[in-house]
Amino acid sequence: AEMAGRSLGPPGGRHHRGSSTADAALGGGKKIRFDDDADEAGVPGDADRSTTAGTTASPAPKDPIVPGVQNLGNTCYLSASLQTLFSVPRFVVALHETYVSRTAASASEGGREPPPLPLTKALLEVAAASGLLRPGDDFGDIDPTAARSKNSSSSSSTAVVSDPAGVKRRMDVLTDKFKGYEQRDAHEFLSDLVDFLHDELAGAAGEGTTTTTIDENRDPNAVVAAAGKDCGAENAKKGASTAAATRHDRKMLLTDEFFRLDVRVSLKCDSCGYSRSKDEMYRHLSVDAGEESDFESWTAERCLKQFFRPERREIKCEKCKSGRTATQKMEIISCPKALLLHFKRFIVTQEMKGGPVDDTSEGKENKVADMAAPMRMEMVLKKNMAKIPLEESLSMNPFVVKNEEEILSGKYNLRSVVHHVGGTAFSGHYTTCAKRMLEQRQTSDIKWKDAASKSTQTTSDDGPKDNEEQWVFFDDRVGKRKTLDYVTGSERNQRNCYMALYEIE
């Protein structure tokens, strides 16, 4: 997935599930933990927590200011992924309403069994434990205390951290990529989590699961293009209008509404001007992060410009027969409510290995055999530490297909950032900076705040009142308030930002 940020041939779908970073390049082998970094304030890294399933993590030295998500043992990738999803409260609230309405509708239809939504339920239980659901609403069969883990360092505080074990169990049923307690890739886990949520919701809605784009099902021009037949430029423009209109007219699944980005990829012959196109669906964009040696920082906007830039392809024209090159262009035809950017930090390179050995070799025969071994090329995964100063807001209008600007109504605002702290793809730690609507007592008890409606549910006036969303730095179970300058201005964070989630205003 790290190497598949841009297609290497004619337009093709890149919305299917796949491995990323080290798991993709090196087969998902066991990753060794070298916890070389922690938050400068002294937040413990994974090495300070349990690394074996079933063992008890060491308690934090003091109550967390903002309770986070428990590390189950090398599961910082899981904690970071959940905090990223929870940074879009509209999605969490809508997912809860969908779950309750689906189960209630089934119960009212002659006692029919409700559709099985085990992953959705497990995710909502963690959200409830994190205080992201409305306490006054009907929870259905969701137990708000099911995923709560009491802070063992406190004898009286009601501040809790969330236990994501239920989510992990459901994901382990659906895929074996994250089984066990080895370090895994946060981008891969979050992508699979959204995909499996989509499949589960689609199955409950009677739509079934599918790996083809909706555009190919709803737009005849796209089907023709996918079959390799003529899809002219004029038809492509009409298809963009059809795609945008259909997206707004039909009732979409939440996963499509929030995380589906439709892109029209076209090839135009440089000799005769013949054009053909195909529609692709993305749930995230994997973008290049520049080079560490670049004098100019790669902002998120620059990363997007690089992703959507026109490219010249060596391909024979099927119409004029004389054309040998074509220009590939990518344009957005429909946008999601939440835009997930994945920065390709891990670079696959080749290095020469082998050759003579030192004098420490055991035995003369072994040494002679080693010296006789030929040099060989091996694949090496390196981390790109280029700085990426993230913008607080982004506009996708420059990348929208012409005459379709109306599909966007505003800018995307930054909601969360996942950082990978560590020097290689095989070691390190994930942390998350996310926006949260909080109200806090000085005793560290967290009162519930509905981030979607910005209304407070509380029975006490103790402690400071916070009427605006705040940035919170989450290191697994511990959360601390931070400023925007810390999130986007810190050089350390700029060199480690791995994913960024934006939400349209």
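Residues numbered from 1 in each chain as written. Predicted model: local features only at pLDDT ≥ 70, side-chain atom pairs only at ≥ 80, totals over all residues. Heavy atoms only, no water.

1. Quick notes on the overall build of the protein
Right, so step 1: Helices and strands together make up the secondary structure of the protein, namely 14 helices and 20 strands.
Right, so step 2: For the protein, with 505 residues in total, the buried portion stands at 52%.
Right, so step 3: Just so you have it, the protein exposes about 22500 Å², and 49% of that area is on carbon and sulfur atoms. (Helix = DSSP H or I, 4+ residues; strand = E, 2+ residues; numbered from the N terminus. Buried < 20%, exposed > 50% of the residue type's maximum accessible area, 1.4 Å probe, protein only. Areas by Shrake-Rupley, 256 points an atom, 1.4 Å probe, with all protein chains shown as cover.)

2. Some words on the packing of aromatic side chains
Right, so step 1: According to the stated counting rule, one finds 11 aromatic pairs in the structure shown.
Right, so step 2: Plain terms: the ring middles of Tyr282 and Phe307 are 6.1 Å apart, the flat faces sit at 80° to each other, and that makes the pair edge-to-face. Taken together, the residues span a long stretch of sequence, with Tyr282 in strand 5 (residues 275-282) and Phe307 in helix 11 (residues 300-308) at a distance of 25 residues.
Right, so step 3: Classification of Tyr282 by relative accessible area gives buried; the value is 3%.
Right, so step 4: An aromatic cluster of at least three residues, connected via ring pairs, comprises Tyr282, Phe307, Phe308 and Phe399.
Right, so step 5: Over the ring of Tyr486 we find Lys482, and its NZ or CZ is 4.6 Å from the ring centre. (Phe/Tyr/Trp six-rings, centres within 6.5 Å; stacked < 30°, edge-to-face > 60°. Lys NZ or Arg CZ within 6 Å of the ring centre and 35° of its normal.)

3. Digging into the confidence of the model for the protein
Right, so step 1: Confidence in the prediction of the protein, expressed as mean pLDDT, is 73, and 62% of residues score 70 or more.
Right, so step 2: Low pLDDT, under 50, characterises residues 210-249; the stretch is placed with 68 contacts to residues that sit more than four places away or in other chains.
Right, so step 3: Here residues 361-365 scores under 50 on pLDDT; set against residues more than four positions off or in separate chains, the count is two contacts. (pLDDT = per-residue confidence, 0-100. Contact = heavy atoms within 4.5 Å.)

4. Digging into the environment of Tyr77
Right, so step 1: Its place among the elements puts Tyr77 in helix 2 (residues 76-86).
Right, so step 2: According to the relative accessible area criterion, Tyr77 is buried, its value standing at 1%.
Right, so step 3: The spacing of Tyr77 and Arg184 is 107 residues in sequence and 6.3 Å in space, taken between C-alpha atoms.
Right, so step 4: Discounting residues that sit within four places of it in the chain, Tyr77 has contacts with Lys168, Phe178, Glu182, Arg184, Asp185, Ala186, Phe189 and Tyr430.

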